[in-house]
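Chains, contacts and geometry: an overview
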Amino acid sequence: MKKQLTFLFLTLTIPVFGQVEQNKNPSDFIPKEYMIHKYEGGISSGSWDEIKGDLNKDGLEDIILIIKGTDKSKIIKDEYRGELDRNRRGIIVLLNKGYFYELATKNYDCFSSENEDGGVYFAPELYVEIKKGKLHISYGHGRYGNWDYTFRYQNGDMELIGYDSYSSRGPVPQYEVSINFLTSKKLTRDNLNKDEDGDEYTTDNFKETWENIKKKKLLRLSEIKDFDELEF
């Protein structure tokens, strides 16, 4: 009996060839030299700790962990902003199996730090949520707009199935782009009144353009080196 219990413990904590990593506690998936990244929120982003929601339609709450490196050499002193932690951030996606959690995918450093230089404006703010069974990774940039990446759990990873962006100049919309990578369709909405301000401005004069995009293998979350470098 003792040997059987020992074997069960090992299968729930140690990944072996051909086996998915499993642990009882979400914190057990955090690698050394990383920590949970808790965000208090900002101008364009809400706060987070653990992000929960059902990703695989089994009725159980899965968990998203945002992690951050702890390399002290990445902590710098800025002339105007003081001490800044420039360690990159990553993501761990865990499926709830009832009595334990199973690793769906991971990417330890695909996000820049929350302390990047935004120039004359603040840097885009990361926001992560599970909505309608899908993982949304978004960036808000205040008066300049926002963009959102939609991932769905399939084929043993989180695959990018959609992209939406909204570009603005203060309160005036400029462009909206929506891409469906499953159908290879792209919609661009161009505000024909984007140069107008004040009382002359209206929001109901958009030119819509549909186009087909080249069909490619869906991008996996685990394969993304840097979200800042993604272009569509």
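Residues numbered from 1 in each chain as written. Predicted model: local features only at pLDDT ≥ 70, side-chain atom pairs only at ≥ 80, totals over all residues. Heavy atoms only, no water.

**Quick look at the overall build of the protein chain**
Stated precisely, the cut-off is as follows: Going along the chain from the N terminus, every DSSP run of H or I of four or more residues is numbered as a helix, and every run of E of two or more is numbered as a strand. Burial classification: accessible surface area is computed with a 1.4 Å probe over protein chains only, and a residue below 20% of its type maximum counts as buried, one above 50% as exposed, and the rest as partly exposed. A contact between two residues is defined here by any heavy atoms of the two lying within 4.5 Å. Exposure was quantified through the Shrake-Rupley algorithm and a 1.4 Å probe, taking into account, for residues, occlusion by the shown protein chains and nothing else.
Along the protein chain, the regular secondary structure elements total 1 helix and 15 strands. Relative to its full complement of 232 residues, the protein chain shows a buried share of 41%. In the protein chain, of all internal contacts separated by at least 6 residues, the share reaching a separation of at least 24 is 48%. Surface accessibility of the protein chain: about 14,100 Å² in total, with carbon and sulfur atoms responsible for 50%.

**Comments concerning the packing of aromatic side chains**
This is how it is decided: Any two of the Phe, Tyr and Trp rings considered here, Trp counted by its six-membered ring, make a pair once their centres fall within 6.5 Å; the pair's planes then place it as stacked at under 30 degrees, edge-to-face at over 60, or tilted in between. For a ring to carry a charge above it, either NZ of a lysine or CZ of an arginine must fall within 6 Å of the ring centroid while also lying within 35 degrees of the normal to the ring plane.
Scanning the model with the defined rule gives 11 aromatic pairs in all. Here R189 stacks its cationic end above the ring of F206, 4.2 Å away from the centre of that ring.

**Brief notes about the pattern of salt bridges**
Note the following rule: Any carboxyl oxygen of Asp or Glu within 4 Å of a side-chain nitrogen of Lys or Arg constitutes a salt bridge here.
Here the structure, examined in full by the defined rule, presents 9 salt bridges. For the salt bridge of E129 with K131, the shortest nitrogen-to-oxygen distance reads 3.8 Å. If you follow the salt bridges from partner to partner, you end up with K68, D85, R89 and E114 in one network.

**Observations regarding the nonpolar core**
Spelled out, the test is: To qualify as a nonpolar core, a set must consist of buried Ala, Val, Leu, Ile, Met, Phe, Trp, Tyr and Cys residues joined through side-chain atoms within 4.5 Å.
The biggest cluster of nonpolar side chains holds 29 residues, and the ones touching the most others in it are I64, I91, L135, I137, F151, L221 and F227. Top contributing element to this core by residue count: strand β12 (residues 157–169), with 4 residues. Residues contacting L135, with those up to four places away along its chain left out, are L55, I64, I91, V93, V128, E129, Y149, T150, F151, M158 and L221. Membership of the second largest hydrophobic core comes to 9 residues, among which are I30, I63, L65 and I92.

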